[in-house]
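Spelled out from the first residue to the last, the chains are:
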Amino acid sequence: MSISRKKIKSELPVFSTASLPDIVFMLLFFFMVATVMRNDTLMVDNELPYADEVEKLDKKNMVIHIYVGKPSSRYKNVGTEAKIQLNDKFASIEDIKPFVLEEIKSKPEGLRPLLVTSLKVDKNTKMGLIGDIKKELREVDMRNINYTTKIGEVTNNF
Amino acid sequence: MARRLAPQVNAGSMADIAFLLLIFFLVSTTIDTDYGISRRLPPPPEKFQPEILIKEKNLFRVELNQINELFVEKKPLDLKQLKAAAIAFLDNGGGTDGDYCSYCKGARNPKSSDHPNKAVISLINSRETNYETYIAVQNELVSAYAELRDREALRIYGLTFKQMVGYLNDANYSGSKTKLREQIKEIQSLYPEKLSEAEPVSVEL
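The numbers attached to residues start from 1 for each chain and follow its sequence in the written order. All chains are assigned letters beginning at A, and all ligands numbers beginning at 1, according to the order in which they are written. Owing to the predicted nature of the model, reporting of local features is limited to residues with pLDDT of at least 70; listing and counting of side-chain atom pairs is limited to 80 or more, with chain, interface and lining totals taken over all residues. Based on all heavy atoms of the structure, the side-chain values leave hydrogens and waters out of the count.

1. Overview of a nonpolar patch on the surface
Rule in force here: Patch membership requires over 30% relative accessible area and the absence of a salt bridge. Like charges are linked within 9 Å, and nonpolar side chains (Val, Leu, Ile, Met, Phe, Trp, Tyr) within 5 Å. Using a 1.4 Å probe, accessible areas were evaluated by the Shrake-Rupley method; residue-level cover was limited to the displayed protein chains. The term salt bridge refers to a pairing of a side-chain nitrogen on Lys or Arg with a carboxyl oxygen on Asp or Glu at a separation within 4 Å. Note on conventions: DSSP H or I runs of at least 4 residues are helices, E runs of at least 2 residues are strands, and numbering of each starts at the N terminus. The buried label applies to any residue whose accessible area, calculated with a 1.4 Å probe on protein chains only, is under 20% of its type's maximum; exposed applies above 50%, and partly exposed to all values in between.
A cluster of nonpolar side chains, A:Leu20, A:Ile23, A:Leu27, B:Phe19, B:Ile23, B:Leu26 and B:Val27, forms an exposed patch at the surface whose accessible area comes to about 610 Å². Elements with a minimum of two residues in the nonpolar patch: α2 (20-34) of chain A together with α1 (14-28) of chain B. With four residues, the single largest contributor to the nonpolar patch is α1(B). Tracing the backbone shows B:Leu26 in helix α1. Among the residues examined, B:Leu26 registers a relative accessible area of 43% and is labelled partly exposed.

Set out below in structure tokens:
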């Protein structure tokens, strides 16, 4: 009886871990390809709304990012009102013009008309602030804008 | 001379290295979106030419109030019906003689827009409107234009407008791109995007 037991035990399959590196590499490549290194550390909540009539922003280096949202939990000391973030700093509405002009200046002259301002706005922001930003952008003639969104049905917004 | 064998490299630690890299990328990944609704703002106020008078029937008023309610032509409307209402307005083609629209398939109601070239959608929002509602409305209006353009592109060139734009950005496209660009311009001119946005209205208490 004891012999037969031993036999069963020895027949337990041993699974090979030889393919483990392959699986890990596969995951690694996926993340390497999917990763977009973010230049700015987000200081505001940035839950984007959904939309489906979207276009892709092709030229990554021809995009000016403006983030808008409530300060995230680490920055509660600046209040709970929606704020604008330019680069790594909170900014006020007057800072937009110099910031955008600086960005335009840093690009070669021929490519300047291709510049796009990407507005990454938290979905709970009030439109008043967005309207003010758009007014500022109009005044510096930075007219191509992109309301950056997640891709999905608009009904996901509600 | 004895052939020297290349020393065997131990590959056992490869998995560890791969894990290390994997964890680095896992942690640093922010799957960032770079998709969005593209719009073009009107020129700066000082260059702005005085508004040409638009006939009331050629204007489609979309309003969003401070509690995110949608009003179309002063009547409340559900967001789901906005696209159909916008298409009905743009595609109406009620004009006669010089304004006659040969490709419109709308109701030809003389009280609605004359011609897609003249039809203007005016979007007004309050300062208190939520951004997500605004985006939802923008999306519906853009998709109304997209649907009409798709229909005309399919009728004239047998391709949807989206496909045409896709081919234009496709490096492997075999046809002539200058021709394609002209065709796209033509479709755009059939249904030009005329979306006017006034300054947000302040709330009067």
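2. As for the nonpolar core
To keep it simple, the criterion reads: Here, nonpolar core refers to any group of buried Ala, Val, Leu, Ile, Met, Phe, Trp, Tyr and Cys residues whose side-chain atoms link them within 4.5 Å. In this analysis, two residues are considered to be in contact whenever any of their non-hydrogen atoms come within 4.5 Å of each other.
Of all hydrophobic cores here, the largest spans 64 residues; its most connected members are A:Ile66, A:Val100, A:Leu137, B:Leu82, B:Ile121 and B:Val137. A per-element tally of this core places helix α3 (residues 131-157) of chain B first, with 11 residues. Residues in contact with A:Leu137, not counting those within four places in the same chain, are A:Ile66, A:Ile96, A:Val100, A:Thr117, A:Met142, A:Ile145 and B:Leu41. Ranked by size, the runner-up nonpolar core spans six residues in total, among them A:Val24, A:Leu28, B:Leu22 and B:Phe25.

3. Quick look at the interface of chain B and chain A
Under the convention used in this document: A simple way to read buried area is as the amount of 1.4 Å-probe accessible surface that goes missing from two parts once joined, with both sides added.
Listed per partner, the contact involves 51 residues of chain B and 57 residues of chain A. Between chain B and chain A lies a buried interface of about 5200 Å² when both sides are counted; carbon and sulfur atoms form 60% of it. When the buried area of chain B at its contact with chain A is split by residue, B:Tyr35, B:Leu41 and B:Tyr131 rank highest and sum to 16% of it. For the interface between chain B and chain A, the tally reads two salt bridges. With a shortest N-O distance of 2.9 Å, B:Arg127 and A:Asp132 are connected by a salt bridge.

4. Side note on the sheet that holds strand β7 (residues 144-148) of chain A
In a beta sheet, neighbouring strands are held together by backbone hydrogen bonds and run either parallel or antiparallel to one another. We apply this condition: Paired strands, as defined in this entry, are two strands with at least two bridges between them according to DSSP. Between N-to-C directions, angles cover 0 to 180 degrees, with each direction set by a line fitted to C-alpha atoms, over the stretch in contact for helices.
The strand order across the open sheet built from seven strands is β2(A)-β1(B)-β7(A)-β6(A)-β3(A)-β4(A)-β5(A), with neighbouring strands paired in mixed fashion. On the outer flanks of this sheet lie β2 (55-56) and β5 (89-91) of chain A, each paired with one strand and no other. Sheet analysis places strand β4 (residues 83-86) of chain A next to β5(A), joined by three bridges and oriented antiparallel. Within β5(A), the residue paired with A:Gln85 across the bridge is A:Phe90. Packing against the sheet, helix α3 (residues 96-105) of chain A makes contact with β3 (63-69) and β4 of chain A, and its axis sits at approximately 155° to β3(A). On the sheet, helix α4 (residues 127-139) of chain A packs against β3, β4, β6 (116-121) and β7 of chain A and is oriented at approximately 155° with respect to β3(A).

5. A look at the packing of aromatic side chains
Any two aromatic rings considered together are summarised by their centre-to-centre distance and by the angle between their planes. Spelled out, the test is: Pairing of aromatic side chains here covers Phe, Tyr and the six-membered ring of Trp, requires ring centres within 6.5 Å, and sorts the geometry by plane angle: under 30 degrees stacked, over 60 edge-to-face, intermediate tilted.
In total, this model carries nine aromatic pairs over all chains according to the counting rule given. Ring centres of A:Phe30 and A:Phe31 lie 5.2 Å apart, and the angle between their planes is 75°; this geometry places the pair in the edge-to-face category. A relative accessible area of 48% means that A:Phe30 is categorised as partly exposed. Taking the centre distance of 5.8 Å and the plane angle of 80° together, the rings of A:Tyr147 and B:Tyr134 count as edge-to-face.

6. So, the state of the cysteines
Residue and element names in this part refer to chain B. Going by this rule: Disulfides are defined in this document as cysteine sulfur pairs within 2.5 Å.
Scanning all chains against the criterion turns up one disulfide over all chains. Disulfide pairing is shown between cysteine 101 and cysteine 104; the S-S distance is 2.0 Å. On the S-S bond that ties cysteine 101 to cysteine 104, the torsion sits near 90°, and the link is right-handed. Across the pair, exposure class does not vary: cysteine 101 and cysteine 104 are buried alike.

7. Digging into the side chain of A:Asn146
Within the element layout of this structure, A:Asn146 appears in strand β7. By relative accessible area, A:Asn146 is classed as buried at 0%. Non-local contacts of A:Asn146, meaning those with residues more than four positions away in its chain, are made with A:Glu55, A:Leu57, A:Val116, A:Thr117, A:Ser118, A:Leu119, B:Tyr35, B:Gly36, B:Ile37 and B:Ser38.

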